[in-house]
Amino acid sequence: MIKREKNSPGRELDSLLKRLFPICRSITGNGVRETLSILAEHLPLKIHEVRSGTKVFDWTVPKEWNIWDAYIKDPSGKKIVDFKKNNLHVMGYSTPVRKMIKLAELKKHLYSLPEHPRFIPYKTSYYKEKWGFCLPHKQLKSLKEGTYEVVVDSSLRRGSLTYGELLIPGKSKDEVLISSYICHPSMGNDSLSGVVMATFLALSLQKKKGLRYSYRFLFIPETIGAITWLAKNSKSAKRVKHGLVATCLGDSGPFTYKRTRAGNTAIDRAAEKALIRSGVPYSLTDFFPWGSDERQFNSPGFNLPVGSLMRSVYGTYPQYHSSGDDLTFVSGKNIAQSLALYLDIIDILEHDIVYRSRSPYGEAQLGKRGLYGAGGSADPKAEIRERALLWLLAYADGTHALSEIAARSGIDQKTLSSAAILLQKHRLLERL
Ligand code: ZN
């Protein structure tokens, strides 16, 4: 189990990060299982295996990929690219190969990043069977003519896709979804920082008593895993009322919140509020249809309100999808700061009250209760308070949270909250 160490924010997160970092993960295979088994030391995860070939909406669960070794030897027999030194050297899902090959032919299978010549790029080919190696551009440029030996000791066979799931039950069956992906090999920020943050978030929520929502945590391979989970849970997915995709949470960059596709849901408001009150630098961006699994959750058929709170956004920092995204680029301390924000968002959601009118057939007669008649009053606040009563009763159908009524009416949440208490006293409103 994780040891509790006081006054060391991030130390425990760091140790989990360091333990998971070396594992060669992909969308399927033993690296995923090993990762999930480590997470299962901390959390009572349910591990699912979905067979290769299973149809999941427009997709098919692919063959399972495993790898043991891979290298390139130069014409003198010296190992110049070695999977065992860095798993990014092999393109993910590379098919097995063992042969002697001329440099010109080899180069067709080599990938580098000319704009970042010292980094090894991260490449995959999940749905087109081929093999490849990734190396620093500097090294690629220095390769001499001759015959090279290439070996990829891998297997691509029918097997299964593995993912982990955890439900922390609350009073309501309505769920908050926290999704992170476990399919990237040795990179710290993209993928792993989200997995580590989600693990500690789950540990923290497990200890909380009286949670209003139930919390579902997914540790899935990106894209195909989210689609697979949705396909297997298409009915129960409707219970997801709010969600966040956790990724890119370990670097030191400012925060970015990517809104849900609808853009004006409770999770959008909660994330913005948490960012404002944390005082950290941040920006907000509307939904865009690339990035991570928010694409699947927000797809029109499901339309789940799932946003994503990140630090530096994927694709925008030089270390992205390369060996530059290593343990010097991320830290447990940064992930701990991200975790604090996630906890605050959850706190806001937990306290965003939903009311239901106890007099929903036509308007309740406020005048006979002495609650109406401030119109023309010298006190402008009295009129706002009266308006607050009307807004609340109009939207108290058991689905609109206080924050939403505040956003619609332009009346601050505090005024609405006191109005709600007044209506409760008059037995016109009940709290759900
Ligand atoms: Zn990625």
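Residues numbered from 1 in each chain as written. Predicted model: local features only at pLDDT ≥ 70, side-chain atom pairs only at ≥ 80, totals over all residues. Heavy atoms only, no water.

Of regular secondary structure, the protein possesses 12 helices and 19 strands. Considering only C-alpha atoms, the protein reaches an extent of 95 × 40 × 40 Å along its principal axes. Each of the 432 residues in the protein was classed as buried or not, and the buried ones make up 56%. Across the protein, every contact between residues at least 6 apart in sequence was considered, and the portion connecting residues at least 24 apart equals 79%. Working note: accessible area of the protein is about 19,800 Å², and carbon and sulfur atoms make up 51% of it. Averaging the locations of the 64 positively and 42 negatively charged side chains of the protein gives two centres separated by 3 Å. (Helix = DSSP H or I, 4+ residues; strand = E, 2+ residues; numbered from the N terminus. Buried < 20%, exposed > 50% of the residue type's maximum accessible area, 1.4 Å probe, protein only. Contact = heavy atoms within 4.5 Å. Areas by Shrake-Rupley, 256 points an atom, 1.4 Å probe, with all protein chains shown as cover. Lys, Arg positive; Asp, Glu negative; His and termini not counted. Charge placed at Lys NZ, Arg CZ, Asp CG, Glu CD.)

Take the packing of helix H7 (residues 266–278) against helix H9 (residues 332–351) next. In the contact formed by H7 and H9, the axes pass within 9 Å of each other and the chain directions differ by 125°. It follows that H7 is oblique to H9 by the angle criterion. Here H7 and H9 pass one another in a crossing that is right-handed. On the side of H7, the interface is formed by Ala266, Ile267, Ala270, Ala271, Lys273, Ala274, Leu275, Arg277 and Ser278, while H9 contributes Leu341, Asp344, Ile345, Asp347, Ile348 and Leu349. Broken down by class, the residue content of the contact of H7 with H9 amounts to 10 nonpolar, 1 polar and 4 charged. (Axes fitted to C-alpha atoms, helices over the stretch in contact; angles between N-to-C directions. Parallel < 35°, antiparallel > 145°, perpendicular 65-115°, else oblique. Left-handed = near helix turned anticlockwise from the far one by under 90°. Nonpolar A, V, L, I, M, F, W, Y, C, P; charged D, E, K, R; others polar.)

With that settled, consider the nonpolar core. Leu20, Leu201, Tyr215, Phe217, Phe219, Tyr342 and Ile345 are the most contacted members of the largest nonpolar core, which has 62 residues in total. Here this core gets 10 residues from one element, more than from any other, and that element is helix H5 (residues 188–207). Residue contacts for Phe219: discarding those within four places in its chain leaves Leu36, Leu39, Leu43, Leu45, Tyr163, Gly164, Ser180, Ile182, Val195, Ala198 and Thr199. Counting 44 residues, the second-largest nonpolar core is a separate cluster that includes Tyr93, Trp131, Leu140 and Val152. (Core = buried A, V, L, I, M, F, W, Y, C linked by side-chain atoms within 4.5 Å.)

This part is about the coordination of the zinc ion. Taken together, the protein donors to the zinc ion comprise His184 (NE2), Asp190 (OD) and His321 (NE2), at separations of 2.0 to 2.1 Å. In the primary structure, the donors to the zinc ion are separated according to the pattern H-x5-D-x130-H. Taken together, the residues Asp190 in helix H5 and His321 in the loop between strand E16 (306–310) and H9 connect sequence positions 131 residues apart. Judged by relative accessible area, Asp190 falls into the buried class, the value being 2%. Under the relative-accessibility criterion, His321 is labelled partly exposed at 22%. (Donors = N, O, S within 2.8 Å, 3.2 Å for Na, K, Ca; no water.)

On to the side chain of Thr162, then. Structurally, Thr162 is set in strand E10 (residues 160–168). A distance of 3.5 Å separates the side chain of Thr162 from the side chain of Arg33, its partner in a polar contact. Side chain to side chain, Thr162 and Glu49 meet in a polar contact 2.9 Å long. In contact with Thr162, other than residues within four places in its own chain, are Val32, Arg33, Leu36, Ile47, His48, Glu49, Ile182 and Pro221. (Polar contact = N/O pair within 3.5 Å; in protein donor to acceptor, adjacent residues only side chain to side chain.)

Along its sequence, the protein is organised into domain 1 (10–62 + 160–351), domain 2 (64–157) and domain 3 (354–431). Inter-centroid distance (C-alpha atoms) of domain 1 to domain 3 is 37 Å. (Domains from an automatic or database assignment.)

Before going further, it helps to spend a moment on helix H12 (residues 413–425). The end-to-end C-alpha separation of H12 is 18 Å, in line with the 18 Å expected for 13 residues at 1.5 Å each. Those residues of H12 that sit buried are Thr415, Leu416, Ala419, Ala420 and Leu423. For H12, the buried positions fall inside an angular range of 140° around the axis, keeping them on one side. Opposite the buried face of H12, by more than 90 degrees, sit the exposed residues Lys414 and Lys425. (Expected span 1.5 Å × (residues − 1). Arc of directions from axis to C-beta.)

This paragraph deals with the packing of helix H10 (residues 380–395) against helix H11 (residues 402–409). For the pair H10 and H11, interaxial distance at closest approach is 10 Å and the crossing angle is 125°. Taken together, the axes of H10 and H11 lie oblique to each other. The two elements H10 and H11 meet at a crossing, and its hand is right-handed. Seen from H10, the contacting residues are Trp391, Leu392 and Tyr395; seen from H11, they are Leu402, Ile405, Arg408 and Ser409. When grouped by side-chain class, the residues that make up the contact of H10 with H11 number 5 nonpolar, 1 polar and 1 charged.

Under the definition given, this model contains 11 aromatic pairs. Ring plane angle 70° and centroid distance 5.8 Å describe the contact between Phe57 and Phe302, whose orientation is recorded as edge-to-face. In this pair, Phe57 sits in the loop between strand E2 (55–56) and strand E3 (59–60) while Phe302 sits in the loop between helix H8 (294–297) and E16, placing the two residues 245 residues apart along the sequence. Under the relative-accessibility criterion, Phe57 is labelled partly exposed at 48%. Ring geometry for Phe288 and Trp290: centres 4.9 Å apart, planes at 45°, overall tilted. On the basis of relative accessibility, which here comes to 14%, the residue Phe288 falls in the buried class. Connected via pairs of aromatic rings, a cluster forms that spans Trp59, Trp65, Tyr93, Tyr126 and Tyr127. (Phe/Tyr/Trp six-rings, centres within 6.5 Å; stacked < 30°, edge-to-face > 60°.)

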